[in-house]
Structure formats: structure tokens, C-alpha cells
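Here is what each chain is made of, one letter per residue.
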Amino acid sequence: MYIVVSIAILITMVLALVRALMGPSVYDRVLAVNVFGTKTVLLLSVIAFLYGRPDFLDLALAYALVNMVGVLAVLEYFQNRVRKKSETQDD
Amino acid sequence: MIDIILDILSWILLLLGGACVLIGGIGGLRLPNFYARIHAASLTDSMGNILIFSGIMLQAGLSLATLKLFAIMVFLLLTGPTATYALANAALLSGLKPDVGSASDEPQENKLK
Amino acid sequence: MIFIFAVFLLSLLVITAIAIVRAKNLFVAVMLTSIFSLLMAANFFILDAADVALTEAAVGAGITTVIFLCALSLTDDREKPREGSRWVAFCTVGVLALLIIYATFDKPRLGDPDAPVHQHVAPWYLEKTPEYIDIPNVVTAILGSFRGYDTLGEVFVVFAACIGVLFILSVKPTKKTNQVIKKESGLRHHLIPQVVGRLLIPFIVLFGLYVQFHGEYGPGGGFQAGAIIATGVILYALLEGESSALRAIPRSVLLGMVVGGALLYGGVGVACILMGGAFLDYSVLATDPVVGQQLGILFIEAGVGMAVCGALLSIYHAFAARESFS
């Protein structure tokens, strides 16, 4: 039963990767990275149970916590760019 | 007896969760513009999380693993929408305009571009 | 079944690597590098190497992406157009790749019990760990005790890397006259990330401490814990602006952590000498040698965690706060 779910998650990861490679704007790619991250957490949890090793769940927990920091850093980056552009235009 | 019920329930939850995740992936490819794709990605993400983790938790019984799975589910439910908000905000801040689309009632010249 | 998973993930890896090399926009390359790191972590996980997968996930997805983005915000987005052709490089890489592929034909299969690596040292470690050290996670036992010198070298390498990066970026020690510029920074105006981020920071730090002390029983240890705690502090710096983060944990504290971690590790070794054993022979630290070994591993993991956390945060602040000095 876990095998079916992991195949579904793997297919979604491939679709997200296609969107990351294909996306016309950079935001599409960041969205694809975010989707890829959460699917990785799901895949790690399901495979940990498939293997019968529930003590590997620490990895999924670590990654679930760390995933958000990357996307917030992207928001900060864009905000900085907009602010810098408005500052150089004000001069 | 109770094992069979738990197994069937887990099967159903896991299959539904897998279907949700797949639909999200397909939606991410086929929807026309960025803001529509965010909808597909984040909604199906949260629902798929809940279904898949509930399915696995039913199989794990009462143990430390269930607690960890619950914690992972809660953190994913908290951080997923936040990341979506941050992304949509970043896109709007940098000037990506939402496309109203051709399904509106206005004549074509008034369409926002 | 695992074979199919592994082949699938490895081919995704190759596709992502080709896409990273061909991307002209550097921001896209950074995002694809994040995906690459996730795929590597999944690959390590499938190969049953949990400690390595945890380190790769903690460092690659969180901190590396953030530092790359900070570096990108200091420079331009586009790759410089390349003059000249790449035929020499291409031929060199091609020849070397063919040689290496030819060399792998002689390798034993993965998990082959007759392989040389499984004959001499590995069974000795697996048999002697319950006898000498008695902790469930053999990887930590090897890293901390049987190969303690190597890990000491690694801590010193992290220390040297931190100092090297700080030199290159010409970070001057802040004097009292330098005002910390209070500009509008951070995600201060966005309510949702503020609320959720503040809720998550204590959990991230708590989880980092859990991974640190749990390293003897499951996947974990000093490196991973240092990276996770550094991610927590970086989240705070992203939300409130790095000037607030520098006020909360000033640079001197960070440098003290790096130096203190390396000193702690070396100090444990010297303490073993003072108590009558060899350098880094933890058995003499307590009356029962097994307890002494466990105590020694606990201390050196703390040293490693401190050093890694301080180094990563110093490097992040060196990039992020650089704009206020220019």
C-alpha cells in the first residue's frame, strides 16, 4: 500500500520538476521548488514506513521545519531588489 | 477484526491522498498562469498531507512514531500556506499582474493585461 | 523496488544538473540547486545512510539557499556571457569521465558481503561497539570515538573555512563608534510570516537540541544540530532584519562559539592526557571505561555543534550585513 502512494508522490515530483524547468517566470520555478520540498517530506515519511524504520522520521521533521526558511529568503530577496530599485530611482 | 477495519481505512486514506497529490501536480502543469498554479499547488498540498499522514498514523498505532508524524503534519500545515503567501506577495511586489482571463463578461478591450 | 526508486531519483538528478549548468539566470540556478540538494538527500535516504541524509537536508535546503540568495543580492542576476570556446575543458572532462566509468567496472556490487570493505574493519567496528562504547548508533561511535582524530580535523577545517570567508569579505570587528544602521529591513510588514515564523523558531531550536543529544541513539549528531540551530537563528534574522539578529547574538559571541567549539574538542583530548590516557582516549574520563567513552562523545559532539553553528551564522552575517558597510 505504501508503494502506490510513493509512486504517486514520485510522479508529482517529476511534474514539479518539469514546471521548474519549463516555467516562464522565476516565480513558477520557486513554486515548483516549494512543492518539491513538501513532496520530499511526504516521500521520506512514506518510505520510512515502507522500510519499517520509524526512527527515520527525524529527517522528515527536520526538513519540514527547514523548508519554509528558503521561501522566506526568496521573499526577502525580491523585497530588497524592489527597495534598491526604488532607492536608485529616487536619487 | 479491528485490524482489517484499520487496514481498509488506511488504504482509502492513502489512495485519496495520493490522488490529491497527483491532481496538484497535474494542475501545476496545465493551469494557464502563475496565480492559478499557486491555488493548485497549495490546496492539494494541504489536503494530501492530512490524508496521507492520517493513513500512516492509523498504521502506526499508539507509539512515538505517531507523535512524530502528528508533529510533521502540524508543521507542514503551518508552513505550507505561509510559504504560498510569501511567494504570491513576492510576485505581486515585483509586478507580476494577475491575468483576469478571457472568461469575464467584459468586452475584450477592457481586459487587464 | 528500491532499485527502481534509486534509478528514478538518479535520473532526476542528472536532469537537474544539466538544467543548472544551462541556466543563464543565476536565480533560477540557485532554485534548481535547492532541488538538487533535496534529490541528493532522498538518494542518501534510499541508500540507508540516515545521518548523511539529515546533514544534506539541513545544510543544503536551508542554509545554502539563503547564503546564495544573499550573495546574489550583492551582485547581478545574469551570468556573464562567455568569450571563447570550451573545447579544452570539454575534452578533459570527457576523458576523465570515461576513465572513471571504466574504473567502476571493477567495483564490487553494493552490499556484497565479500567486498574488501566488509572484511576487515567494518565487522570489527560492528562487534566492538557494544563492548567498548555501548551506544546504538554505530555511525556516531565511529565518528566520535574510533575515528576521533578525523573529526577533530573536520572541526578545524570548519574553523579555518569560517576565518577564510571572513577574511575574503573583509569583515571588520565592529567598534563602538560604528552605529548599527537601523533601516527598514526584514519582513516586518508581513504579518503572516511574522506570526508563523515566531511560532516556529523555538521549535526549530528545540529540535536542533534534540538532534544534538539524540545523536547516540538515532540519526543526528553535532553537524546536523549546528545546521538546524543556525537555520532557526537565520529565520529570526529574516523576519526582523539582520541588525536585530546581530544585536541579539553579536558577532563576538559567534566567533566565541566557533573558537570555543574547537577548543572544547581539543580540550577533551588534553583532559584525557591529563587523566592518564592517550590523546582522545575517552576511557579514562570516568571510572567505568564505557561511561567514559559515552561522556567523551557527548562533549565532543557539543564542541562540533557549537563550532558549526557559529561558523554558519558568521558566514551568513558576513554576507547579509555587508550592504550596510558599503
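Residues numbered from 1 in each chain as written. Chains lettered and ligands numbered in written order. Predicted model: local features only at pLDDT ≥ 70, side-chain atom pairs only at ≥ 80, totals over all residues. Heavy atoms only, no water.

### Looking at the domain arrangement of chain C
All names here are of chain C. Convention followed: What fixes the domain bounds is an automatic or database domain assignment. Contact criterion: two residues are considered in contact whenever any of their non-hydrogen atoms come within 4.5 Å of each other. Summed over both partners, the accessible area (1.4 Å probe) lost when two parts come together is defined as the buried area. Think of a polar contact as two N or O atoms within 3.5 Å of one another; within protein, one of them needs to be a possible hydrogen donor and the other a possible acceptor, and neighboring residues in sequence only count if both atoms come from side chains.
When cut into domains, chain C gives domain 1 (1–120) and domain 2 (138–326). For domain 1 and domain 2, the distance between their C-alpha centroids amounts to 26 Å. In this assembly, 13 residues from domain 1 lie in contact with 18 residues from domain 2. Taking both partners together, domain 1 and domain 2 bury about 1300 Å²; carbon and sulfur atoms supply 82% of that area. Remark: the boundary between domain 1 and domain 2 carries three residue pairs in polar contact (both at pLDDT 80 or more).

### Quick notes on the interface of chain C and chain A
Condition: Numbered from the N terminus, helices here are DSSP runs of H or I no shorter than four residues, and strands are runs of E no shorter than two. Gly counts as polar in this scheme, as do all residues outside two lists: the nonpolar Ala, Val, Leu, Ile, Met, Phe, Trp, Tyr, Cys and Pro, and the charged Asp, Glu, Lys and Arg.
Tallying the contact residues gives 55 residues for chain C and 44 residues for chain A. Here chain C packs against chain A, burying approximately 4600 Å² in sum over the two surfaces, 80% of which is carbon and sulfur. Broken down residue by residue, the surface that chain C buries against chain A is led by F5(C), L38(C) and F45(C), which jointly contribute 15%. Inspection of the region where chain C meets chain A yields zero residue pairs in polar contact (both at pLDDT 80 or more). Residue assignment for the side of chain C that touches chain A shows that the elements contributing at least two residues are α1 (2–22), α2 (26–46), α3 (50–74), α8 (191–213) and α9 (222–240) of chain C. The element that contributes the greatest number of residues to the side of chain C that touches chain A is α3(C), accounting for eleven residues. In terms of residue class, the side of chain C that touches chain A is built from 40 nonpolar, eleven polar and four charged.

### Re the nonpolar core
Rules: Here, the term nonpolar core denotes a set of buried Ala, Val, Leu, Ile, Met, Phe, Trp, Tyr and Cys residues that are joined through side-chain atoms within 4.5 Å. Here's how the labels work: a residue is buried when its accessible area is under 20% of the maximum for its type, exposed when over 50%, partly exposed in between, all with a 1.4 Å probe on protein chains only.
Among the nonpolar cores identified, the biggest contains 148 residues, and I52(B), I72(B), F27(C) and Y282(C) are the most heavily contacted of them. The element contributing the most residues to this core is helix α3 (residues 57–90) of chain A, with 18 residues. A domain-level breakdown of this core finds at least three residues from each of domain 1 (1–120) and domain 2 (138–326) of chain C. In this structure, Y282(C) is in contact with G144(C), S145(C), Y265(C), V268(C), C272(C), G292(C), Q293(C), G296(C), I297(C) and I300(C), ignoring residues within four places of it in sequence.

### Description of the packing of helix α2 (residues 26–50) of chain A against helix α2 (residues 34–60) of chain B
Threshold: Lines fitted to the C-alpha atoms define the axes, with helices restricted to the stretch that makes contact. Angles between their N-to-C directions range from 0 to 180 degrees. Small angles under 35 degrees read as roughly parallel and large ones over 145 as roughly antiparallel, with 65 to 115 read as roughly perpendicular and the rest as oblique.
Packing of α2(A) against α2(B) brings their axes to within 11 Å, and their N-to-C directions diverge by 10°. In terms of orientation, α2(A) and α2(B) fall into the roughly parallel class. Residues Y27(A), D28(A), L31(A), V35(A), T38(A), K39(A), L42(A), S45(A), V46(A) and F49(A) of α2(A) lie in contact with α2(B), whose contacting residues are F34(B), R37(B), I38(B), A41(B), D45(B), N49(B), I52(B), F53(B), I56(B) and A60(B). Class assignment for the residues of the contact of α2(A) with α2(B) results in 13 nonpolar, three polar and four charged.

### Overview of the interface of chain A and chain B
To keep it simple, the criterion reads: Salt bridges are defined as contacts in which a side-chain nitrogen from Lys or Arg sits within 4 Å of a carboxyl oxygen from Asp or Glu.
Contact residues are listed per partner, giving 39 residues for chain A and 41 residues for chain B. Carbon and sulfur atoms supply 80% of the area buried between chain A and chain B, which totals about 3700 Å² over both sides. Of all residues in chain A, M1(A), Y27(A) and L31(A) give up the largest surface area on contact with chain B, accounting jointly for 17% of the area buried on that side. On the surface where chain A and chain B come into contact, there are three salt bridges. Note that D28(A) is salt-bridged to R37(B), the shortest N-O span being 2.3 Å. Residue assignment for the side of chain A that touches chain B shows that the elements contributing at least two residues are α1 (2–22), α2 and α3 of chain A.

### A look at the environment of L166(C)
Structurally, L166(C) is set in helix α7 (residues 148–168). With a relative accessible area of 15%, L166(C) lands in the buried category.

### Quick look at a positive patch on the surface
Definition in use: Here a patch means residues that are over 30% exposed by relative accessible area and free of salt bridges, tied together within 9 Å if like-charged and within 5 Å if nonpolar (Val, Leu, Ile, Met, Phe, Trp, Tyr). Note on areas: Shrake-Rupley, 1.4 Å probe, and residue coverage restricted to the protein chains presented here. When charges are counted, neither His nor the chain ends are considered; positive counts come from Lys and Arg and negative counts from Asp and Glu. Charge positions are represented by NZ for Lys, CZ for Arg, CG for Asp and CD for Glu.
A cluster of basic residues, R22(C), K24(C), R82(C) and R86(C), forms a positive patch at the surface. Structurally, K24(C) is set in the loop between α1 and α2.

### Focus: a nonpolar patch on the surface
A surface patch of nonpolar side chains, about 710 Å² in accessible area, is lined by I3(A), I7(A), I11(A), M1(C), I2(C), F3(C), I4(C) and V7(C). Elements with a minimum of two residues in the nonpolar patch: α1 of chain A together with α1 of chain C. Along the chain, the position of I3(A) falls in helix α1. Among the residues examined, I3(A) registers a relative accessible area of 33% and is labelled partly exposed.

### Observations concerning the environment of F8(C)
Take F8(C): it is sitting in helix α1. Along the sequence, F8(C) and V28(C) sit 20 residues apart, while their C-alpha atoms lie 23 Å from each other. Apart from the residues within four sequence positions on either side, F8(C) is in contact with L10(A) and V14(A).

### What to know about the environment of S243(C)
All names here are of chain C. Relative to the elements of secondary structure, S243 occurs in helix α10 (residues 242–248). For S243, a relative accessible area of 11% puts it in the buried group. Sequence separation between S243 and G226 is 17 residues; the distance between their C-alpha atoms is 22 Å.

### Some points on the packing of aromatic side chains
Quick reminder of the rule: Ring geometry is summarised as follows: Phe, Tyr and Trp rings, the Trp one being its six-membered ring, pair when their centres sit within 6.5 Å, and such pairs are stacked at plane angles under 30 degrees, edge-to-face over 60 and tilted between the two.
A full pass over the atoms with the stated rule returns 17 aromatic pairs over all chains. With centroids separated by 5.3 Å and ring planes inclined at 65°, the aromatic side chains of F34(B) and Y35(B) adopt a geometry described as edge-to-face. With respect to burial, F34(B) and Y35(B) carry one shared label: buried. An aromatic cluster of three or more residues is present, and its members are Y27(A), Y77(A), F78(A), F34(B), Y35(B) and F27(C).

### As for helix α5 (residues 121–132) of chain C
Our working definition: Every helix has an expected span of 1.5 Å times one less than the residues it contains.
Taking 1.5 Å as the rise per residue, α5(C) with twelve residues should run 16 Å; its terminal C-alpha atoms sit 15 Å apart, in good agreement. Within two residues after α5(C), D134(C) carries a phi angle of roughly 60°, on the positive side.

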